[in-house]
Every structure is written in structure tokens, then in C-alpha cells.
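Descriptive structure summary
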2 protein chains.
Amino acid sequence: MSYSAYFEQAKEQQLNELKEWLSIPSISALSEHKKDINQAAEWLAAKLTAAGLENVEIIPTKGHPLVYADHLHAPGKPTILVYGHYDVQPVDPLHLWETPPFEPSIRDGKLYARGATDDKGQVFLHIKAVEAILKQEGKLPLNIKFCIEGEEEVSSPNLLEFLQTGAERLAADAVLVSDTSLIEKGKPAICTGLRGLCSLEVAIHTANTDLHSGSFGGGVPNALHAMVSLLATLHDDKGGVSVEGFYDDVAPLSAEMREEFVKQGFNESKLQQELALDSLYGEEGFSFVERVGARPTLELNGVYGGFQGEGTKTVIPKEAHAKITCRLVANQNPQDILNKIERHLRAHVQPGATLEIQQGEKANAFNIDPSHAFLQAAADAFEKVYGVRALFTKDGGSIPIVETFSRVLTAPVVLMGFGLPDENLHAPNEHFNLENFDKGLLTIVEFLKSV
Amino acid sequence: MSYSAYFEQAKEQQLNELKEWLSIPSISALSEHKKDINQAAEWLAAKLTAAGLENVEIIPTKGHPLVYADHLHAPGKPTILVYGHYDVQPVDPLHLWETPPFEPSIRDGKLYARGATDDKGQVFLHIKAVEAILKQEGKLPLNIKFCIEGEEEVSSPNLLEFLQTGAERLAADAVLVSDTSLIEKGKPAICTGLRGLCSLEVAIHTANTDLHSGSFGGGVPNALHAMVSLLATLHDDKGGVSVEGFYDDVAPLSAEMREEFVKQGFNESKLQQELALDSLYGEEGFSFVERVGARPTLELNGVYGGFQGEGTKTVIPKEAHAKITCRLVANQNPQDILNKIERHLRAHVQPGATLEIQQGEKANAFNIDPSHAFLQAAADAFEKVYGVRALFTKDGGSIPIVETFSRVLTAPVVLMGFGLPDENLHAPNEHFNLENFDKGLLTIVEFLKSV
């Protein structure tokens, strides 16, 4: 039977299985979901076994477990390591979800659930592609390993540690990752660049208690004033970052790179309309795809302090908090950037306010040459299934482990994504387009059979 | 029996009664406490009746009810209207309370509970002072009315409306209010000035959904960036307010006023130490008591947007919120100030961000001449009980109804407060010093018998 026919008849059963997995709220950032994380790992291990993979193991770590499996019966053929993650982002603000995030629901050819596209849905494709080849042909045309982790959304601290000592077990000729997206419907892409990441949390403390704005207002520091006036210094009024030295290690955009970006034919006014924005906003002198693909950024992900309830409370808050992340490019070093930001904040804080800074995640940016054979094979596979050759793009996101894999395993990483850019990953109403579910399965089979 | 002896023997019973009232979480700002508000009003009506007052009535309004009572059997004598409130402020952050806010607890001679000093504890003194005179002497030396409302903490919208039509019922020769404080332990004060108030809520909206900071970061507006950069424009770096025209109707401080402020002998370094602050902070060129007593202010009471949970979430938030209040002085008109702030905000908002402004409360500042006979009688009463004459001060807080009473009833308002400035009103661990509970009862009896 053709693979198309095979997947067509298996579809309903496969979607039901995926919905089961998506029902497990495996949020890695929130400790109360530890049980769900474990359940999601067990579900995955069972499915890998059922697919015909061997040496399936749930490997405990200091944090959330890794799930490993392999099938190594093609001597002389290359070994591919499939990497992905079974953990998901938090779901708030919950009230904006049209259907509950952990009650998967199909509407208009899209599967809605937290993790549908990032990344359970995409990992699932690889399991089912391998299962299909084994069922149809009784063997695999190459050697394959799976390493699926539960901490990608919190920057993979324990996989990084595992790689320090356990790299041999994951040794491969190439790493295959599906955690990125097509350019748009029908326009596949292979990502050849990912931004790095660093994060920090900032707290400001003023008095040792909240104070009445009548009795004290005007005469004591207000933690929120101190916070907003401090945070406002981080950007200039042209959308750039004002931290001294922030851009030191950012490579200027070459003419060739700018040309590649133009090739994507990105429609800015369509995006603006889709997001219901009066205007896009960003660093002056760059297009949207350049800003996201090749420029670093400093984002406020959360700011809070004082009264948030209904009505008015005339309080002078004693503390205020901010959560900040940067996306990094080229040779920016995450530790260096964190140090520069910390220095900036300490230099600009208002008198009477005490600053507390906690540095968090650190990941380098990733870049790969598109002429590599494995990347060309991936582009061929896309072309066979989608009818158009994949473009080589730069993605604005960060998958911290990708740069580490490429460095530690000295293997090319093939970023073959089946998501779409508007699938609300990390936001309410995350979903996965089922057209790419179908085509994704076929593209992976093509790729595995061709390398 | 002397009044001292009377109150001494009644003390335990009276404190138990007050604790009962303080156990009722009558938070006017939060609609889920409507039942508690009604219960607190009923409790109050019952106690007024038990004290010997007449015509006790719970007067419904569109919001929370007023409680009225009177005793009008002294023809030819003046009529005093006692005003106060039985509603309380919200209690968050709850985790900072040493004992639960609605489980009153006495420690070190202080009664801890939300509402202990603001204002249930102080209203309670008046009920018990009147009860004492009636029990000891069988009659009152003057006519008295009580009007205790349930909406002071949300700016008295319905009492204001009641005063438009029902002012006759509240007609009096003077209004007596205990909702302010002594200068410090043993140093009584009569407040001759209160700041006005206006409030607004600001919302900023950017995209129609939260966005992933990888796929979009750097290329779209971030509601939190827009909010902090906008809020930061409201103040200059000398602690002043930057809104055009904000200070237009603020009277300059006269040499006499500055002298009055100096007389208070306020210890700034002691305050700084008590609040564990590196330094006080405020408008350049003014002392703490001047800043709080005679200068206007613009405070951020709450700011929030994006992710507030544990860990990191790489989200670009679609909305951000701020709650703002101003304290006003002299001839500043609250509506005029709100319009000026709104104009400022609309002129400074960042491209790509949509601004939504909701104007809220509006109250004029209040000022009274200390030479008035009722104020001098109050100072005498304080002197008899505390052994030192009360100083005439300006308080930084706002009791919006005070200015309205003085205007609508054309009666002087005597602000005879028994709180202390460090009793954490509007903050965790609000309390009432029992020394002033005891002396407050005696002072009120002295005052009522002398006018």
C-alpha cells in the first residue's frame, strides 16, 4: 500500500492517540505539574515501544526525565537522532482559550490544544513515520535514535548536563528536529538559524511595607515608579535596545542575507492586519523578517506590582517585579549580555529603591550552512510532498539545545518544521494545521528513506 | 463613677464587641463582599440601638447602605453629626499579614485587624462615648446624629448623592469625624486640611493575541514596553509630576505654613529607618511633611501585564494595565487634572499601541481655619485627656466626603483622629493602639460635654 493510503486509513486512530497525549498538562515551568510531566513521558515511552523502537528508556534527571529509544539495524547506513520535547508552555491567560487547553478539539481542519504544534504534535509525526516504515517494509533504511526531553520550555538544563557525559549514547550523523514552522501554508522552510536566549528577573524593593498614598504619597519612593522609570531606560525611542554594548557582537546584515530575507516575500501588511495592529513596531531600518531573523531583542515578558483587583486601592507598593528575556544573534554571548543588562540596571535605578537581579537561562544562537547534504536531502523531501522546494530561513525563536547538539555531537542539525507561524505557540488557542500533519508524515518518510 | 473608671470596667466587653465587628470582611471595593457589607451595617445598627440612640435606620442606596441614628433631646443646644465608615480596604498581599486580617488579635497593646484604625475602631469610640454619657447621666448634653457609610474606601458615591437631596436630615452645627491620626504617640492633632483625590485606569492593547517572543520579538509592539515607556513620562527625575499644567492651581507654600510644618518636629530619619529605606524620595525642595501635607502627587498604585508565574515565559503580552491616583491640594480641580493627565498620556503613547483610559474618582481638597470655636473645643478636650494641646495639621490623605459635608451642610468639620501614622492603614498588619482607644473614649466624652 502507498504511504499516502497507509496514513489515510490510520489517520483517525492516530489523531485520537495524539489527543490523548495533548490532554496531559505537562507544563515544565510549574512544579505542580510534575505528575503530569511523568505521565506524558510514560505515554511517550509506551508509544515508542508500540511503534517498534527498541531500548526504550525513561531516563531520570535532576529535573524532568528524558525519553530515549532506538532502532539500530542498518549497518553502514547513517544514524539519525530525532530530538523533540514533550513539555509545554503555561496556559495563562486561561480565559482567552476558546476551548480548554488540555481538552484537544478539532475545528476547521486544525487541532487545538496546548502543545499541538509545540512540540507534541510534531514529535508524534516522527514516531508514526518510523512505525509506518517498519509496518510497511519490516525494517528501517537507516539507524535511528529518539531523544525526547521534558524541559525544552525551561531551556533544557538537564539534557545539557546529560550531553556532557552521555553524548556517546546520542552520537549520530545528523540530528533531526521538528520544532519550527513553514513560512506559510504550502511554503516549507528549513531553518538554518535560531536566535539565542538569555533571561533575568528583576525585583525592586522600597519600604518594608505597603504604604497609604494619602499619609505617605509624595514623600517616599514608590516601587512601581522606580520600576517603570528603570525599565523605560532599556529601549530608545526608535525601538532599539539602549544597553551599552548590547550590539557589539551582532554581525551587520550582508547584502546576500538581505536578499535571502526578501526572497521570503513576507507580507508585513497582512501580518499587521491579522494581529489587528495599527502598525508593526521595531528597530528602525530593518524589515520584519530581518528584525526577527537577524536582530537581537530585549522583551518585557511580565511586569507587576501593587493592586491588580477591581476598583481603586490608594496604596504605594513596596515591591515591583519584571521578567525579561533577550533573543540573541550571531556571536552575542548570553552571559556577557546579562552582565551588560545588569550593569545598566544598577546604574539607572532611582534613589530609595533596592534592586535584586536574578540571572536565568543562557543559550547561544545557532547557524548552519544550507549547502550541507542532509539539509539538501530535507529540501528534496519537502519538494516531493509539498510540490515546492523548501527555502532556507532564519527563525527568531530559540531552541537552546540545537546549538549544543551541533557543537557537542559535531553533527549537522536539520530543522524540518511542520508548524505554521500563526499557530499561537506560547499563547492561547495554540493549534496544529492537519494539512501539515498529513504532509509532515509523508515528508519524514521521504527524508528517512533518502539519506 | 468617673468616666475613667466606667471605661476601665467596660473595656474587656467593649474590645470583644469591636473584635466581632472587625471579623466581618466588609471590603467595599470587591463585589463578592456585598453580604459582609450588609452584615457589618446590621451589626452597627444593633450597637447604635443598644447604646440608646434612636431612629436607627439602615438606609439602602444604589451601592452599600448608610447607617443613621440620632438622639435629639437637648433643645437649644448644638447638633453634632458624627460621620465615619464601616467599610474597609482590600487585604492583599494576604501573605504579609502576621495574623489573618479578619481574625482580630491583640499583641503588645495593639489590636490587629483590617479596619482596626480605619475606621471601625474609631467609629466604635463614638458609639461607646455616647453610650457612656447616657448610662452615667441619663441624657446627652447636646443633640447628636450618626451617619456611618459603607463606601468611604471607594469615594462615597452614594452618600454624595444622598447629600444632594437628604442634606436636611443630616443638618448639624458641626460634623465630627475620627478617621485621621495623632502626629505620634502622645501628640494629638486636629487636621485642618485634607488632600483631594482623582483616579484613573489605563489599559494598553497591542496585538489581538499574546505572541511568541521568538517568532515575533523585535518586530511587533509589546504592550508592556509601551506601558512602561508611557508611565515613565509622568514624572521628571526630581520627583515632580511632568504633566503639563499639573501644578497650575497649587498655592505656593507661605512662610507661615512652612513654619507650622516645622513646628510638628517631624523626624525624617526616624521614618526612613522605620520603613527600612535607603532614602526618602519626593519632589525636590520640600520636606516630608510639606510633600505630604501641601503638595500634590501622582502615584502608580498597580501596574501589571504578561506572565507573573514561576519561571520564564517568552511571551509578548497583548495588553498591560495601570491604576493611577493623584492626591490634590489647594484649588486643583480633580476633573481638570484628569483631563490634563489624559491629554499627556494620549500625546506620549508609542506607535502600534492603543490606549484606553477610564476616569474614576474625583474629590476636592479640604481646608478649614483652626480658629473656629468647635476646633478650639476639640483642642481643649485633647489637652484635658492627653496633657498636651493638639496641634493643627494638614493630612496627606483624602476623605472626599469631608469637603462635601463642609460645603453642603455649611458646617465646620472637626477632624479629631485617634489613629497613629504607623498603624498600616491600607496595608498588611493594620492595627489600632489601645492607648488611644482608652484616651479616645475620654476625649470624645470631654468634647461632647464641652460644646
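Residues numbered from 1 in each chain as written. Chains lettered and ligands numbered in written order. Predicted model: local features only at pLDDT ≥ 70, side-chain atom pairs only at ≥ 80, totals over all residues. Heavy atoms only, no water.

In the nomenclature of an unreviewed UniProt entry, chain A is known as Peptidase M20 of Paenibacillus kribbensis.

Quick word on the side chain of Gln332 of chain A
Residue and element names in this part refer to chain A. Here Gln332 is to be found in the loop between strand E13 (319–328) and helix H10 (334–348). Here Phe246 takes part through its backbone oxygen, which lies 2.8 Å from a polar atom of the side chain of Gln332. Once you skip the residues sitting within four places of it in the chain, Gln332 turns out to touch Phe246, Asp249, Val250, Pro296, Arg327, Ile337 and Asn364. (Helix = DSSP H or I, 4+ residues; strand = E, 2+ residues; numbered from the N terminus. Polar contact = N/O pair within 3.5 Å; in protein donor to acceptor, adjacent residues only side chain to side chain. Contact = heavy atoms within 4.5 Å.)

Looking at the pattern of salt bridges
Throughout the structure, instances matching the rule amount to 49 salt bridges over all chains. A salt bridge links Arg107 of chain B to Glu98 of chain B; the nearest nitrogen and oxygen atoms lie 3.4 Å apart. Through salt bridges with shared partners, a single ionic network connects Glu17, Lys47, Lys128 and Glu131 of chain A. (Salt bridge = Lys/Arg side-chain N within 4 Å of Asp/Glu carboxyl O.)

Some thoughts on the interface of chain A and chain B
Taken residue by residue, the interface counts 88 residues in chain A and 88 residues in chain B. On the chain A side of the contact with chain B, Tyr281, Thr312 and Lys313 of chain A bury the most area, a combined 9% of that side's loss. Scanning the region where chain A abuts chain B turns up 0 salt bridges. When the residues that make up the side of chain A that touches chain B are grouped by side-chain class, the tally is 36 nonpolar, 37 polar and 15 charged. (Buried area = accessible area lost by both parts, 1.4 Å probe. Nonpolar A, V, L, I, M, F, W, Y, C, P; charged D, E, K, R; others polar.)

A few points about the packing of aromatic side chains
Throughout the structure, instances matching the rule amount to 22 aromatic pairs over all chains. Ring centres 6.4 Å apart and planes at 35 degrees place the aromatic pair Tyr3 of chain A and Phe7 of chain A in the tilted group. A residue pair is termed a helical-turn pair when its members lie 3 or 4 positions apart in one helix, as Tyr3 of chain A and Phe7 of chain A do in helix H1 (residues 3–22) at 4 residues. Taking relative accessible area as the criterion, Tyr3 of chain A reaches 13% and is therefore assigned buried. Measuring from ring centre to ring centre gives 6.3 Å for Phe216 of chain A and Phe288 of chain B, while their planes differ by 55 degrees; the resulting arrangement is tilted. With one member in each of two chains, Phe216 of chain A in helix H5 (residues 213–216) and Phe288 of chain B in helix H9 (residues 288–294) form a pair that bridges those chains. Per residue, the accessibility class of Phe216 of chain A equals that of Phe288 of chain B, and both read buried. Three or more aromatic residues link up through ring pairs in this structure, and these residues are Trp21, Trp43, Phe124 and Phe437 of chain A. (Phe/Tyr/Trp six-rings, centres within 6.5 Å; stacked < 30°, edge-to-face > 60°. Buried < 20%, exposed > 50% of the residue type's maximum accessible area, 1.4 Å probe, protein only.)

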